[in-house]
Amino acid sequence: MNPKIHFMRKIALSVLLMTVLVCLLMEPSESKPKQKPKPKPKAKRTAMKQGYAAPKSVEVKLGLAMMYDWWKPAFIKLENGGTGNIQSKNKKTIYDGSFMMGPSFSIRIRNTWKIGLTGLIGLSKNQFKHSTLAMEASYLYPVIPSSFIDAYIDIGSLEARRYDADLTVERSIHKYFNLLFGARFNCNDGEGSSIRFLYLNPFPVNKTTEEFFTWYVGPSVGAGFYYEVKGFSINIGVSALFQFGIFYLERYLLNPGLYVFNFISDEFYLAHVSIGADCNLKLAYFIKRIRLEVWVGGRYIILPHIAVADIGSAYNAVYKNGWITGEFEQFYGVMFGAAYKF
């Protein structure tokens, strides 16, 4: 082979190889298949990411409740001589309040249910003072002997200690409104005395001493309004209140001419039902730093009475059974207290 041709072939082969190499170097490298971007996890709308603590599913409060009350019993007419006489005129009856205190407990479940229990004990007694003009008819007076009918002035006083217990259940039906269910128990015991100045009796001064006991129990149902902003809250509730009650009074008449009867008491026993209203108002503020709620409020109860049974006086000739029907019991209370939130 001609050396010149052989050399030209080498040159051509070298150029071809160089051309192929340059083409390979200039060709863009094959890109990897793009992976689909992973979806970003959805931001959890947790209360922690929004800067405040998540609400607890169960919230408990334990505290101390106090109340100053004014109480007008439905049976006060029997105490001040307004009933059980032929004629009577109550000149005055003074009602003094009492101070009560006791524990309170509540539990809230998922902002839907709230259950509360409060018990109050009277640290002081309710005081009642009266003066009455009346005309009575007593089976005892002919024993002296004396007139069957006599007129008198009665000046007396009575004191009573109260005990209250309230169970409340709230069911949220709206952001601001609740259904209210509950039960109330109340009992009172007391004692009193009076001086009677008789006109026709040969022993013109009598003294009476007495002890009484009464209790109420029954359910309630109603509706409430609740609003809260920046730690402040207002709670208003109005409920129909149903109560069954017992009133028992034991009275001794002390008269020098009736010495034999001075140790025999006159007893009164009344059973009744009451259908009325229970109204509550509560204003509260939650101190977040120390987890303490302080509150103030008011309560008003009115209970018209209906007699169910009446075992009346053994000595009073004009005592009318069932007289308590139509009589009203009223209760006013100013409440305040504090509770620690767990």
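Quick caveat: nothing in here was measured; it's all calculated off a predicted structure.

Q: How should the overall build of the chain be read in this particular structure?
A: When helices and strands are tallied, the chain shows two helices and twelve strands. Overall, the chain shows an N-to-C arrangement of helices and strands of α-β-α-β-β-β-β-β-β-β-β-β-β-β. Taken over 342 residues, the chain has a buried fraction of 37%. When the accessible surface of the chain is split by element, carbon and sulfur atoms take 66% of a total near 20500 Å².

Q: Help me out: how do you make sense of the side chain of N80 in this one?
A: Following the sequence through the fold, N80 ends up in helix α2 (residues 76–80). Looking at N80, its side chain comes within polar contact range of the side chain of T93, at 3.1 Å.

Q: For this particular structure, what's the right way to read the nonpolar core?
A: Generally speaking, soluble globular proteins have nonpolar side chains that are buried together. One finds L78, F212, F247 and W323 to be the most contacted residues of the largest nonpolar core, which totals 27 residues. Listing elements by their share of this core, those giving two or more residues are β1 (58–72), α2, β6 (149–172), β9 (232–254), β10 (266–287), β11 (292–311) and β12 (328–341). If we skip the residues at most four places from it in the chain, W323 touches A74, F75, K77, L78, T83, L270 and D310.

Q: Looking at this structure, how should I read unusual backbone geometry?
A: Among all residues save glycine, negative phi is the norm, and among peptide bonds the norm is trans. Along the chain, I144 connects to P145 via a cis peptide bond; the corresponding omega equals 0°. Tracing the sequence through the fold places P145 in the loop between β5 (126–137) and β6. Its identity is not glycine, yet K230 carries a phi of approximately 50°, on the positive side. Inspection of the secondary structure assignment puts K230 in the loop between β8 (205–229) and β9. Judged by relative accessible area, K230 falls into the exposed class, the value being 78%.

Q: Help me understand the pattern of salt bridges in this model?
A: Within the structure shown, the criterion is met by twelve salt bridges. Between E210 and R251 there is a salt bridge whose closest N-O contact spans 2.8 Å. On the criterion of sequence distance, the pair formed by E210 in strand β8 and R251 in strand β9 is long-range, its members being 41 residues apart. The exposure classification of E210 matches that of R251, with both residues buried. Overlapping salt bridges bring together K61, K282 and E293 as one network.

Q: Is there a simple way to explain the environment of W70 in this structure?
A: In this fold, W70 is placed in strand β1. The class of W70 is partly exposed, set by a relative accessible area of 38%. In sequence terms W70 and Y95 are 25 residues apart; their C-alpha atoms lie 7.1 Å from each other. The residues contacting W70, other than those within four sequence positions of it, are G97, Q330, F331, Y332 and V334.

Q: What is the right way to look at the packing of aromatic side chains in this model?
A: We describe a pair of aromatic rings using the distance from one ring centre to the other and the angle between the two ring planes. One pass over the structure, following the stated rule, counts 17 aromatic pairs. Plain terms: the ring middles of Y139 and F148 are 6.0 Å apart, the flat faces sit at 45° to each other, and that makes the pair tilted. A relative accessible area of 34% means that F148 is categorised as partly exposed. Through a chain of ring-to-ring contacts, three or more aromatic side chains come together here, namely W71, F75, Y95, F128, F212 and F247. Note that R162 overlies the ring of W71, its terminal NZ or CZ placed 5.0 Å from the centroid.

Q: What's the story with a nonpolar patch on the surface in this structure? I'm lost.
A: Together, Y68, W70, I236, V238, L281, L283, V296, Y332, V334 and F336 make up an exposed nonpolar region whose accessible area comes to about 810 Å². The set of elements that each furnish at least two residues to the nonpolar patch consists of β1, β9, β10 and β12. Of all the elements, β12 adds the most residues to the nonpolar patch, at three residues.

Reading the values: the criteria
- Residues numbered from 1 in each chain as written.
- Predicted model: local features only at pLDDT ≥ 70, side-chain atom pairs only at ≥ 80, totals over all residues.
- Heavy atoms only, no water.
- Helix = DSSP H or I, 4+ residues; strand = E, 2+ residues; numbered from the N terminus.
- Buried < 20%, exposed > 50% of the residue type's maximum accessible area, 1.4 Å probe, protein only.
- Areas by Shrake-Rupley, 256 points an atom, 1.4 Å probe, with all protein chains shown as cover.
- Polar contact = N/O pair within 3.5 Å; in protein donor to acceptor, adjacent residues only side chain to side chain.
- Core = buried A, V, L, I, M, F, W, Y, C linked by side-chain atoms within 4.5 Å.
- Contact = heavy atoms within 4.5 Å.
- Salt bridge = Lys/Arg side-chain N within 4 Å of Asp/Glu carboxyl O.
- Phe/Tyr/Trp six-rings, centres within 6.5 Å; stacked < 30°, edge-to-face > 60°.
- Lys NZ or Arg CZ within 6 Å of the ring centre and 35° of its normal.
- Patch = residues over 30% accessible without salt bridge, like charges linked within 9 Å, V, L, I, M, F, W, Y side chains within 5 Å.

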